[in-house]
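Examining the three-dimensional arrangement
Here is how the chains run, residue by residue.
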Amino acid sequence: MAITLKNAKDLEGLRAANKLVAATLDYTGEFLKAGMTLLEVDKKIDDFITKNGAYPAFKGLYGFPNAACLSLNEVCIHGIPDDTILQEGDILGVDVGTKLNGYYGDSARTFGIGKISKSDEDLINCSKDALYFAIKNIKVGMHFKELSFLIENFILEKGYVPLQGYCGHGIGKRPHEEPEIPNYLTGKNPKQGPKIKNGMVFCIEPMICQKSGEAVVASDGWAVTSKDGLRTSHYEHCIAVINGKAEILSIA
């Protein structure tokens, strides 16, 4: 399937949907604290999105049961909210989607609960810094594989490894569109495959593991951890390529 180019109306719709995602994550960062259950966090996110006139896009998507993917400590992505109580020193990946007026928004951050360890701060910073490094280096005409290769090298140089088998993606009137954007090079040649063009909108989302990038899917069919069993982190922004530059849509 071809990578779609968005027009001015599309960009307006995507900006609005992603602005709400960013506001939701800002709000989440304000209320997160030890003692809350993951279901309580999910309910507040669900209510916030709904009160702002949108639908929580992940709810029911491919059968996912909740509004937000809440990935605690060792879980990197796709954690299902449950009765687990947040503890001081936990780290929590919060991945949120919205559907607003037919357009989708998608962004994620990893939050520390209270005071966290220096090693967890470094882990979270790797995913965040890899994301902003990628955004800064986006250029019209570069191959998406070149972008994946840049992200992979950044992560490896920081002493971590990218999660394998999962990727960023295009977005628009569907939550997931072409292209797929792994955080690592697939194949041997980065100068091949689709190129970045003006009008493309896509999500970049570094998923960081400590020793092994091999993914393990939980028995619930959703939560993804690393084979090494160590803590992970995840950051994501939705990007539009406009006038040759990357514009972050998922900011409030």
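Identification of the protein chain as Methionine aminopeptidase from Campylobacter corcagiensis is taken from an unreviewed UniProt entry. Per its UniProt entry, the protein chain bears the Catalytic activity (unreviewed entry) comment "Release of N-terminal amino acids, preferentially methionine, from peptides and arylamides." Quoted verbatim from the Function (unreviewed entry) field of UniProt, the annotation for the protein chain is "Removes the N-terminal methionine from nascent proteins. The N-terminal methionine is often cleaved when the second residue in the primary sequence is small and uncharged (Met-Ala-, Cys, Gly, Pro, Ser, Thr, or Val). Requires deformylation of the N(alpha)-formylated initiator methionine before it can be hydrolyzed."

Moving on, we get to the pairing of strand E14 (residues 237-242). Side chains on a regular strand alternate between the two faces of the sheet. Burial of E14 is extensive: five of the six residues sit out of reach of the surface. Here strand E9 (residues 201-204) runs beside E14; their pairing, made up of four bridges, is antiparallel. The residue bridging phenylalanine 202 from the neighbouring strand is isoleucine 239, located in E14. Between the antiparallel neighbours E14 and strand E15 (residues 245-248) lie two residues, among them asparagine 243 with a positive phi of about 50 degrees.

Moving on, we get to the environment of glutamine 210. Inspection of the secondary structure puts glutamine 210 in the loop between strand E10 (207-209) and strand E11 (215-217). Glutamine 210 gets classed as partly exposed once you look at its relative accessible area, which sits at 29%. For the pair glutamine 210 and lysine 227, spaced 17 residues apart in sequence, the C-alpha separation works out to 10.0 Å. Ignoring anything within four residues of it in the chain, the contact list for glutamine 210 reads Leu123, Gly159, Tyr160, Val161, Asp228, Leu230 and Arg231.

Procedures and definitions
Residues numbered from 1 in each chain as written. Predicted model: local features only at pLDDT ≥ 70, side-chain atom pairs only at ≥ 80, totals over all residues. Heavy atoms only, no water. UniProt positions renumbered as here; feature names shortened; annotations may be inferred. Buried < 20%, exposed > 50% of the residue type's maximum accessible area, 1.4 Å probe, protein only. Helix = DSSP H or I, 4+ residues; strand = E, 2+ residues; numbered from the N terminus. Pairing = 2+ DSSP bridges. Contact = heavy atoms within 4.5 Å.

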